[in-house]
Structures are given as C-alpha cells and as structure tokens.
Amino acid sequence: MVSSTQQTDRRRAIRHKSAGKRSAAKRAKLGSTPRFPIHLEGYDLDAADAKRPATAASSDKK
C-alpha cells in the first residue's frame, strides 16, 4: 500500500502537468496573431521593420 504523502505527491504532479492544457490548446487553435492588417494604409515600406517583397529569383525556383 502506498503512503498518503507519496499518493498526494503523485496526484499533485499529475495536476501540475495537466494544468493549462485546455487554455494552451485553445490558444494554439485560435492563434495569437490579430485578424487586422499589421501594415495599414500609408505605412512606410522603407521603414526598418517593413516586410521585404519576395525577389523574382526566389519565386522562379522549382
């Protein structure tokens, strides 16, 4: 027979391991990126954080 302390420690470890699984799965399913466009009208494409357009050479690769 297992001691009460050992049983409690095991149950506590199981609870800690499974804690947050439901919310983590929900975040993974729904995603964390916003649904609105990040670069709005009038955004400066020459800004340091601007997304660079794909080059013609990389799109022609097969």
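Before reading further, recall that the structure is shown in the block above.
Definitions and cut-offs
Residues numbered from 1 in each chain as written. Predicted model: local features only at pLDDT ≥ 70, side-chain atom pairs only at ≥ 80, totals over all residues. Heavy atoms only, no water. Helix = DSSP H or I, 4+ residues; strand = E, 2+ residues; numbered from the N terminus. Areas by Shrake-Rupley, 256 points an atom, 1.4 Å probe, with all protein chains shown as cover. Buried < 20%, exposed > 50% of the residue type's maximum accessible area, 1.4 Å probe, protein only. Contact = heavy atoms within 4.5 Å.

Asks: Explanation requested: the overall build of the protein chain in the structure shown.
Replies: Within the protein chain one finds 3 helices and 0 strands. For the protein chain, the accessible surface area stands at approximately 6,500 Å², while carbon and sulfur atoms represent 56% of it.

Asks: Help me out: how do you make sense of helix H2 (residues 21-30) in this one?
Replies: Residues lying three or four places apart along an α-helix face the same way, a consequence of the helix completing one turn every 3.6 residues. For H2, the tally of buried residues reaches only 0 of 10 residues, placing the bulk of the element at the surface. Phi turns positive one or two residues past the end of H2, at Gly31, with a value near 80°.

Asks: What am I meant to see in the environment of Tyr43 here?
Replies: With respect to the helices and strands, Tyr43 occurs in the loop between H2 and helix H3 (56-59). The class for Tyr43 is partly exposed, based on a relative accessible area of 27%. In contact with Tyr43, other than residues within four places in its own chain, are Asp49 and Ala50.

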